[in-house]
Amino acid sequence: MTEWERLQELLLNHERERLDQLENQQQSDQRQQRLRSDLPQTLDQLRGDPDLRASLSSPVTAALHESIERDRESVASLLFPVMGPAIRRAVQESLRSAVQRINLALEHGLSPRAWRWRLESWRSGEPFAQIVLRHSLSFSVNELFLIHRNTGLMMVRRSRREVLALDQDAVASMLTAIQNFLRQSLTDIAEDPLRTVEMGGASLWLINGPDAILAAVIEGEPPLSLREGMHESLESVHRLLRDELQQYQGNKIQHSQVDALLDQHLVEQRPKSPERGPARLAWGLGIAALLLLTGVWALHTWQLKQDQQRLQQYVDQTPGLMLFDSRIQDGQISGTLLRDPLAPNRAAVLEAVALAPQRINLREQSYLSQEQELLLKRLQHAAHIDNADPEARAKLSVVDQHLRVEGQLTTQQWQQLRQSQALLAPQWTLTLPQLDHAALSQALELPASSQMSQQDTELIFTGQAPLAWHKKLPQLIAKLPIYYQSNTQQLAVAEHQQLSQIIESLNGSRLNFNSGIVFDSESQQRISEMAKQIQQLEHLAATTGQSISIQLLGMSDGVDTWDVNLEIRRARAEASRDALLSAGVDPSILQADAQLERPPPGFNAALRYCEIVVNIRE
């Protein structure tokens with residue numbers, strides 16, 4: 001690039017950009033102006049193009065949805081003038097049709113012919129009022145005209161073959177004149193189009209649509225429900241001929257589906273004449289059979305009612321049973337039976353009210369009743385107590401929300417009762433009869449050598465008591481009017497104490513000798529006393545389930561040799577055994593042995609004795 005070109009770019013670059021922007025804006029304005037002028041004409045030319053409709057369908061639908069979501073009140077306000085009259089007309093037509101069905105049903109409700117129609121209704125499943133309409137009304141739809149709404153020109157005409165067709169131009173002219181007269185003269189009802197024209201024995205029904213009118217020439221008295229079917233057919237015609245109705249130019253429309261829609265309304269209905277002769281007899285027999293069946297059904301229903309009342313009365317009087325939603329349905333007593341596990345079961349209920357199982361259709365559900373009788377049974381069951389058993393050691397009763405225990409409970413029963421009472425019947429207070437200390441001591445024959453303290457239902461014994469009383473204590477507690485648990489961990493057995501004292505007195509005692517196997521005077525006197533202690537010890541051991549043995553160990557002074565001393569020791573042990581046997585001691589518990597311990601060297605006269613060692617075994 002030369003310096004001159006660079007200078008031009010620096011001086012004129014800003015102006016060039018402004019000119020480009022002005023040119024682009026001018027081209028955009030020209031395109032928008034051409035679009036405003038060409039778009040309407042283009043849309044008119046392509047109105048029937050299916051590709052254009054498909055292309056515009058999605059954006060138009062999305063825009064419509066967005067508009068409704070953004071401002072529903074405005075859309076509702078715009079649609080109200082259109083939808084309001086249509087809804088009112090639909091409601092009016094439905095009410096007229098309902099009133100017509102009710103009137104005819106009331107007129108023929110009790111006639112003999114009505115019973116035949118009711119049987120037909122029951123057999124076919126069609127409503128009775130509709131059966132009455134079909135058999136009572138006589139009408140014939142002779143002509144159908146499809147007329148373009150805006151131009152008043154006839155587009156389609158359909159007629160029954162046996163009926164002469166009316167002049168098409170006359171019908172179209174008449175309808176156009178009447179419609180124009182209503183719009184111009186009766187301004188107050190101009191928005192409500194003409195729907196029916198009475199012409200002697202014939203009627204002209206006008207079914208109005210947005211782009212077309214369906215006119216029907218009818219003889220007789222048709223059911224008003226026929227108009228609803230014509231409305232649906234006219235709506236289908238608008239869907240099938242949407243483009244033709246908007247661009248209609250006066251030509252006749254040939255469309256097979258439209259012809260089929262209109263032909264289905266060219267109907268005729270004539271009531272059947274009543275049957276004569278055998279047919280009437282057959283109907284009479286049928287009515288008699290129907291009356292008989294009705295009587296049987298009424299009797300069966302009455303019996304079910306009696307059974308239902310009897311069942312309800314039994315349930316109301318039986319604790320643990322509740323009957324809900326009781327009703328008679330399909331020839332059975334239906335409902336929901338709530339049953340406590342302790343209440344009579346289903347078979348017992350049916351037997352009590354004398355009901356066959358096939359007459360009952362009850363749905364059974366379990367629940368826990370809070371009635372006093374069942375709560376008491378539930379506690380008895382938990383604690384394994386049977387009030388009905390005359391040999392039961394304990395009984396339960398409830399007096400003013402107080403659970404009373406009478407008799408004697410085992411430890412397990414007592415624990416289960418207290419736990420179950422807290423869970424099953426917390427509103428009841430567990431009440432026990434109380435005994436004072438003196439009465440309790442007397443009832444238990446408490447020995448003077450023992451003491452007793454009470455903590456709730458636990459009796460704590462201390463001191464000592466005879467073994468026989470220890471064994472007798474559970475029996476004495478069982479005779480108390482209430483349950484008590486004994487604690488004898490700190491109560492010693494008196495025989496055990498005496499046994500220990502005698503063993504302590506005998507064990508290690510000695511019988512001394514002067515020389516050889518001659519007792520000294522003191523030992524000679526002790527042999528009798530020692531024998532009595534051994535006999536008492538043997539008796540106490542037998543009482544406490546133990547056995548004893550007495551070992552006699554002879555001892556010497558160590559003057560002579562060891563062999564001589566050993567013989568002297570055995571001799572002294574045997575002499576001690578013989579002396580005790582002479583005093584009455586059981587020989588089976590005495591054992592004479594020599595003390596094998598060697599004496600210290602030298603003479604020691606104090607070692608001339610026989611030592612007694614007591615051994616006791618369980």
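Before reading further, recall that the structure is shown in the block above.
Thresholds, definitions, all that
In this convention, every chain numbers its residues from 1, walking through the sequence in written order. In view of the model being predicted, local features appear only for residues whose pLDDT reaches at least 70, and side-chain atom pairs are presented and counted only at 80 or more, with totals across whole chains, interfaces and linings using the full set of residues. Here the side-chain values reflect all heavy atoms present in the structure, with hydrogen atoms and water set aside. As used in this record, nonpolar core signifies buried Ala, Val, Leu, Ile, Met, Phe, Trp, Tyr and Cys residues forming a set joined through side-chain atoms within 4.5 Å. Classification of residues uses two cut-offs on accessible area relative to the type maximum, computed with a 1.4 Å probe and protein chains only: under 20% is buried, over 50% is exposed, and between them is partly exposed. The numbering of helices and of strands both runs from the N terminus, where a helix is a DSSP run of H or I of at least 4 residues and a strand a run of E of at least 2. In this analysis, two residues are considered to be in contact whenever any of their non-hydrogen atoms come within 4.5 Å of each other. Under this definition, polar contacts are N or O atom pairs within 3.5 Å; protein pairs additionally need one hydrogen-donor-capable and one acceptor-capable atom, and for neighbouring residues in sequence, both atoms have to be side-chain atoms. A pair of Phe, Tyr and Trp rings is counted when the ring centres sit within 6.5 Å of each other, with Trp represented by its six-membered ring. The angle between the planes then sorts it: under 30 degrees is stacked, over 60 is edge-to-face, the rest tilted. Lysine and arginine charges are scored as sitting over a ring when NZ or CZ, respectively, is within 6 Å of the ring centre and within 35 degrees of the ring normal. One side-chain nitrogen of Lys or Arg within 4 Å of one carboxyl oxygen of Asp or Glu is enough to make a salt bridge. Think of it as the arc spanned by the lines of direction from the helix axis to the C-beta atoms. Put simply, a patch holds well-exposed residues, over 30% relative accessible area, that have no salt bridge, with like charges counted together within 9 Å and Val, Leu, Ile, Met, Phe, Trp or Tyr side chains within 5 Å. Residue burial considers only the protein chains on display, and all accessible areas are found by Shrake-Rupley using a 1.4 Å probe. For two strands to be treated as a pair, DSSP must find no fewer than two bridges joining them. To get an axis, a line is fitted to the C-alpha atoms, and for a helix only the part in contact is used. The angle between two axes follows their N-to-C directions and goes from 0 to 180 degrees. Less than a right angle of anticlockwise turn of the near helix away from the far helix marks a crossing as left-handed, whereas a clockwise turn marks it as right-handed.

Any chance you could explain the nonpolar core here in plain terms?
Across soluble globular proteins, nonpolar side chains show a tendency to be buried alongside one another. Counting residues in each nonpolar core, the largest one holds 27 residues, and the members touching the most others are I534, L537, I550 and L580. Of all elements in the fold, only α16 (494-506), β16 (510-515), α17 (521-543), β18 (547-554), α18 (562-582) and β20 (609-617) reach the threshold of two or more residues within this core. Sorting elements by how many residues they give to this core places α17 first, with seven residues. Setting aside anything within four residues of it in sequence, one finds I534 in contact with L506, I548, I550, L580, V585 and I589.

Can you walk me through unusual backbone geometry in this structure?
What is expected of a backbone is that most residues other than glycine have negative phi and most peptide bonds are trans. In this structure, A354 takes a positive phi of about 55° despite not being glycine. Among the secondary structure elements, A354 is positioned in the loop between α11 (346-352) and β9 (360-366). Residue classification places A354 among the exposed positions, given a relative accessible area of 63%.

I keep staring at the side chain of S556 and nothing clicks. Help me out?
In this fold, S556 is placed in the loop between β18 and α18. Its relative accessible area of 0% is what places S556 among the buried residues. A polar contact of 2.9 Å, which involves the side chain of S556, links it to the side chain of N565.

Quick question: what am I supposed to make of the packing of aromatic side chains here?
The way to describe two aromatic rings as a pair is by their centre distance and the angle between their planes. Going through the model one piece at a time under the given rule, you end up with two aromatic pairs. Lying over the aromatic face of W205, R227 brings its terminal NZ or CZ to 4.6 Å of the ring centre. Residue placement shows R510 over the ring face of Y609; its charged tip is 3.9 Å from the ring centre.

In this structure, what is going on with the pattern of salt bridges? I would like to understand it.
Two side chains bearing opposite charge may form a pair once their charged atoms approach each other closely. A full pass over the atoms with the stated rule returns 11 salt bridges. The salt bridge partner of R310 is D307, with a shortest N-O separation of 2.7 Å. Placement of both R310 and D307 in helix α10 (residues 278-317) is noted, with a separation of three residues, approximately one turn of the helix. Among the ionic pairs, E567 bridges to R570, the shortest N-O distance being 3.5 Å. With E567 and R570 both in helix α18 and three residues apart, the pair spans about one turn of that helix. Relative accessible area serves as the criterion here: at 35%, R570 is assigned to the partly exposed category. Linked through salt bridges whose partners overlap, the residues forming this network are R158, D259 and D263.

Looking at this structure, how should I read helix α14 (residues 437-444)?
Because an α-helix packs 3.6 residues into every turn, residues spaced three or four apart end up facing the same way. Among the residues of α14, L440, S441 and L444 are the ones counted as buried. The buried side chains of α14 occupy one side of the element, clustering within an arc of 100° when seen end-on. Of the residues in α14, the exposed ones pointing more than 90 degrees away from the buried face are A438 and Q442. Where α14 ends, the next residue or the one after it, E445, has phi of about 55°, a positive value.

Honestly, a nonpolar patch on the surface in this entry has me stumped. Any pointers?
A cluster of nonpolar side chains, W4, L7, L10, L11 and L12, forms an exposed patch at the surface whose accessible area comes to about 580 Å². Inspection of the secondary structure puts L10 in helix α1 (residues 3-45).

Help me understand the sheet that holds strand β7 (residues 321-329), please; the structure alone is not making it clear to me.
The strands making up a sheet associate through backbone hydrogen bonding, with each pair oriented either parallel or antiparallel. Strands sit in the order β7-β8-β9 across an open sheet of three strands; the sheet is mixed. Two strands close off the open sheet at either side, each with one partner strand: β7 and β9. Shown here is a sheet whose adjacent strand axes are inclined to one another by a mean of 15°, direction ignored. The sheet contact formed by β7 and strand β8 (residues 332-339) spans seven bridges and is antiparallel. By the bridge assignment, L323 is partnered in β8 with L337.

I'm lost on the sheet that holds strand β14 (residues 458-465) in this one. Help?
In spatial order, the strands read β13-β14-β15; together these three strands make up an open sheet with mixed pairing. At either margin of the open sheet sits one strand with a lone partner, and together these are β13 (450-455) and β15 (485-493). Recorded for the sheet is a direction-independent mean angle of 15° between the axes of neighbouring strands. As paired elements, β14 and β15 share seven bridges and run parallel to each other. If you follow T462 over to β15, its bridge partner there is Q490. The strands touched by helix α15 (residues 467-478) within the sheet are β14 and β15, with β15 carrying the most contacts at an inclination of about 170°. The sheet contacts of α16 involve β14 and β15, and relative to β15 the element is tilted by about 15°.

When you look at the packing of α16 against α17 in this model, what are you seeing that I'm missing?
To describe two helices that pack against each other, one gives the angle between their axes and the distance between the axes. Where α16 meets α17, the closest approach of the two axes is 10 Å, and the angle between their N-to-C directions is 145°. In the packing of α16 onto α17, the handedness of the crossing is left-handed. When α16 is examined against α17, the residues E495, Q498, L499, I502, I503, S505 and L506 are found in contact with a partner set consisting of M530, Q533, I534, Q536, L537, L540, A541 and T543.

Explain the environment of D263 to me, please; I cannot follow it from the model alone.
Inspection of the secondary structure puts D263 in helix α9 (residues 256-263). Considering only alpha carbons, one finds D263 and L144, 119 residues apart in sequence, at a separation of 8.4 Å. Within polar-contact distance, the side chain of D263 engages the side chain of R158 at 2.8 Å.

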